[in-house]
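Here is how the chains run, residue by residue.
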Amino acid sequence: MSLRSASQVALLALAVPSFAQAADAPTPSAPPVDPQVVSAAFGFRYVTDYISRGISQTNRNPGAQGYLEFQMLDGLYYVGISGEQVDLPNRPTMEMDFSAGIRPTFGAWSFDLGYLFYNYPGERALIGADGTIFTANNADYYEFAGKSAYAVNDALTLGFNAYYSPSYFGTHAPGTYIAGIAKYVIPEGLFGLMPSGFLLSAEVGHYFIGTTRASFGRFNLPDYTYGNVGIAYTAKNSTLDVRYHDTTMNKTECGLITADPRGIANGTFTSKWCGPAIVATLSFDVTSKDPGIFASQETLAPSVPGRTSDAEGPAVR
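Rules behind the numbers
- Per chain, residue numbering runs from 1 following the sequence as it is written.
- Since the coordinates come from a predicted model, pLDDT governs what is reported: local features require at least 70, and pairs of side-chain atoms require 80 or more to be given and counted, while whole-chain, interface and lining totals use all residues.
- Here the side-chain values reflect all heavy atoms present in the structure, with hydrogen atoms and water set aside.
- The helix count covers DSSP runs of H or I at least four residues long, the strand count covers runs of E at least two residues long, and both are numbered beginning at the N terminus.
- A 1.4 Å probe rolled over the protein chains alone gives each residue an accessible area, and that area as a share of the maximum for its type sets the label: buried under 20%, exposed over 50%, partly exposed in between.
- Contacts are residue-level and defined by heavy atoms, with any inter-residue pair within 4.5 Å sufficient.
- Here the rule is simple: two strands pair whenever DSSP picks up at least two bridges between them.
- With a 1 Å grid laid over protein atoms only, a set of points is called a cavity when a 1.4 Å probe fits there but cannot get out and a pocket when it is open yet has protein on both sides within 12 Å along at least five of seven lines; lining residues have an atom within 4 Å of a point.
- Grid points are joined across faces, edges and corners, and a volume is the space filled by probe spheres set on the points.
- Definition of nonpolar core: a set of buried residues of the types Ala, Val, Leu, Ile, Met, Phe, Trp, Tyr and Cys, connected through side-chain atoms within 4.5 Å.
- To pair, rings of Phe, Tyr and Trp, with the six-membered ring standing in for Trp, must have centres within 6.5 Å; the planes then decide the type, stacked if under 30 degrees apart, edge-to-face if over 60, and tilted in the middle.
- In this analysis the charged atom, NZ for Lys or CZ for Arg, is taken to sit over a ring once it is within 6 Å of the ring centre and within 35 degrees of the ring normal.
- Cysteine sulfur pairs qualify as disulfides if the two atoms are within 2.5 Å.
- What goes into a patch is any residue over 30% in relative accessible area without a salt bridge, connected to like charges within 9 Å or, for nonpolar side chains (Val, Leu, Ile, Met, Phe, Trp, Tyr), within 5 Å.
- For every accessible area listed, the method is Shrake-Rupley and the probe measures 1.4 Å; residues are considered covered only by the protein chains on display.
- We define a salt bridge as a contact between a side-chain nitrogen of Lys or Arg and a carboxyl oxygen of Asp or Glu at a distance within 4 Å.
- Here a polar contact means two N or O atoms within 3.5 Å. Within protein one must be a hydrogen donor candidate and the other an acceptor candidate, and residues neighboring in sequence count only if both atoms are side-chain atoms.

Engineer: Would you mind showing me how to read the environment of Met94 here?
Structural biologist: Relative to the helices and strands, Met94 is located in the loop between strand S5 (77-84) and strand S6 (95-102). A relative accessible area of 29% places Met94 in the partly exposed class. The spatial distance from the C-alpha of Met94 to the C-alpha of Gly83 is 7.0 Å, given a sequence separation of eleven residues. Residues within four places of Met94 in sequence aside, it is in contact with Gly83, Glu84, Val86, Asn119, Tyr120 and Pro121.

Here it is in C-alpha cells:
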C-alpha cells in the first residue's frame, strides 16, 4: 500500500466516528411555545333581565348570552365577540358585540383601553301607522372605552370607567358615560359564618347624551344617572349574581330614549324599561389556561365583551 493510500485510510477511520456521532445527536428544534402567549376565554350567561346602563334590552324578560375572547401576551392584547338575546323596538334578531384592546398593568393599577362595535342584525326601523319613524334605520354604533382600577388591598378594588360614542344607538347623538366602580371580596369566615367566594360590588355612573340627527327628527335625549349594587357568589367556574338597578329617568324620559313600542301604541310615549329592577345572573366562565371545572377564579378572564355592567362581573361595558 502506498503512503498516500495509507493516509486516506487513516483519515476515513477518523471521520467515521464523527459521522456516527452527528447522526446520533438530537435534531435541533424550535423553542417551546409559551402557553400564555395566546389564550382564550369563553362563557355563557342567563339573565332574568338584560340591563345595559339601567335600560332593559329584553323588554323586562330573561335572555341568554355568550362570549369568546382571544388574549395575547399573557392577556395584554385581546379581541372578542359576544352575542346577546334582545327584544328591542328595531326588532333585531340579536345583539352582537365586537371588541379589541389592550390591558396593561402597573403594580396595583390595571387598565383596559378598547374599542367596541355593537351590531344588530336583521334590524328595521319602527314606523307607526301614520308613517312616523320612531327609531333609527341603522342602530349599529361603536364606542371607545377606557377603564382603570386600583387594588387598594387584597379585598377592595376601586375603579373609574369612561366610554364615548359619536352616535348613541345610531341616533347621531354623541354619548359619554362615566362611572365609578367598587368591589369588595368578603373575607372568608366573617362573623364565623361566611364561606369564601362572596363579592360585593356597586357602580354609580352618569350618561351625557346629546341631540339626535337621524331620520326620525332632531331633539335632545335626556341625560341621566344610573346605579347598581349587588352580591355575587363564585364557586369554581360558576357565578350567581343578584343585583339592584335603577336610574333617575322618569317614564316619559325613558319612553323618549327607548322608543318603547307599547308606549307608542297607547299614545303615552312612556316606558318602564328604565325603572328599578332586581336582576339575577347565572354565568359560567372558562379559560384555556385552566379550563377544568376546578379552575380558580384568578385564572378567569378579567373582562369580556358584552354590555353587562362592570359591577356585575367580567365585562367591558
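Engineer: What's the story with the pairing of strand S15 (residues 277-287) in this structure? I'm lost.
Structural biologist: Looking along a regular strand, one sees the side chains alternate between the two faces of the sheet. Bridge analysis of strand S1 (residues 38-47) against S15 gives seven bridges, and the strand direction is antiparallel. Among the inter-strand pairings, Phe44 is bridged to a residue of S15, identified as Phe284. Across eight bridges, strand S14 (residues 238-247) lies against S15 in antiparallel orientation. Along S15, the bridge assignment pairs Val242 with Ala280.

Engineer: Before we go on, may I ask you to explain the layout of surface pockets in this structure?
Structural biologist: Picture a little ball the size of a water molecule; that probe, rolled over the atoms, points out where space is still empty. The space that makes up the second largest pocket amounts to roughly 520 Å³. For the second largest pocket, the lining is made up of 36 residues, of which Phe169, Leu256, Ile257, Thr258 and Ala259 are closest to its centre. Elements supplying a minimum of two residues to the lining of the second largest pocket: strand S3 (55-56) and helix H2 (251-258). In terms of residue count, the dominant contributor to the lining of the second largest pocket is H2 (five residues).

Engineer: I keep staring at the nonpolar core and nothing clicks. Help me out?
Structural biologist: Nonpolar side chains tend to gather and get buried jointly when the protein is soluble and globular. The biggest cluster of nonpolar side chains holds 27 residues, and the ones touching the most others in it are Ile55, Tyr120, Tyr168, Phe169, Ile209, Tyr224 and Ile257. Elements supplying a minimum of two residues to this core: strand S8 (109-119), strand S9 (141-151), strand S11 (175-185), strand S12 (198-209), strand S13 (224-235) and H2. Among all residues touching Tyr168, those that are not within four sequence positions of it are Ile55, Ala173, Tyr207, Ile209, Leu221 and Ile257.

Engineer: For this particular structure, what's the right way to read the packing of aromatic side chains?
Structural biologist: Geometry of an aromatic ring pair is reported as the spacing of the ring centres plus the angle between the planes. Counted according to the given criterion, the structure contains 18 aromatic pairs. Relative to Phe169, the ring of Tyr168 lies with its centre 6.3 Å away and its plane at 45°, an arrangement referred to as tilted. For Tyr168, a relative accessible area of 9% corresponds to the buried category. In this structure an aromatic cluster arises from ring pairing among Tyr118, Tyr120, Tyr141, Tyr163, Tyr168, Phe169, Tyr177, Tyr207 and Tyr224. Above the plane of the ring of Tyr163 lies Arg53, whose end atom (NZ or CZ) is 4.4 Å from the centre.

Engineer: What should I look at first to understand unusual backbone geometry in this one?
Structural biologist: For residues other than glycine, phi is negative in most cases, and the peptide bonds are mostly trans. In this structure, Asn59 is a non-glycine residue whose phi angle is positive, near 55°. The buried category is assigned to Asn59, whose relative accessible area is 18%. If you check the backbone angles, Phe269 has positive phi at about 55° while not being a glycine. Relative to the helices and strands, Phe269 resides in the loop between helix H3 (261-265) and S15.

Engineer: Looking at this structure, how should I read the state of the cysteines?
Structural biologist: Each disulfide consists of a covalent bond between the sulfur atoms of two cysteine residues. Evaluated as defined, the whole model comprises one disulfide. A sulfur-sulfur separation of 2.0 Å characterises the disulfide bridge that pairs Cys254 with Cys274. Around the S-S axis, the bridge from Cys254 to Cys274 shows a dihedral of about 80° and counts as right-handed. With Cys254 in helix H2 and Cys274 in the loop between H3 and S15, the pair connects residues that are 20 residues apart, well separated along the chain. Here Cys254 matches Cys274 in class, with each residue buried.

Engineer: Got a minute to help me understand a nonpolar patch on the surface in this structure?
Structural biologist: Taken together, Tyr46, Tyr184, Leu200, Val229, Ile231, Leu240, Val242, Tyr244, Ile278 and Leu282 make up a surface patch of nonpolar side chains, about 900 Å² in accessible area. Elements with a minimum of two residues in the nonpolar patch: S13, S14 and S15. The leading source of residues in the nonpolar patch is S14, at three residues. Counting through the fold element by element, Val242 comes out in strand S14.

Engineer: Would you mind showing me how to read the side chain of Thr211 here?
Structural biologist: Checked against the element boundaries, Thr211 lands in the loop between S12 and S13. A distance of 2.3 Å separates the side chain of Thr211 from the side chain of Asn220, its partner in a polar contact. With residues near it in sequence (within four places) discarded, Thr211 still touches His172, Ala173, Pro174, Arg218, Phe219 and Asn220.

Engineer: Would you explain the pattern of salt bridges in this entry?
Structural biologist: Taken as a whole and judged by the stated rule, the model has six salt bridges. One salt bridge in this structure joins Asp241 and Arg243, with 2.8 Å as the shortest N-O distance. Per residue, the accessibility class of Asp241 equals that of Arg243, and both read buried. The salt bridge involving Arg262 is made with Asp260; its shortest N-O contact spans 3.8 Å. Overlapping salt bridges bring together Glu69, Arg103 and Asp112 as one network.

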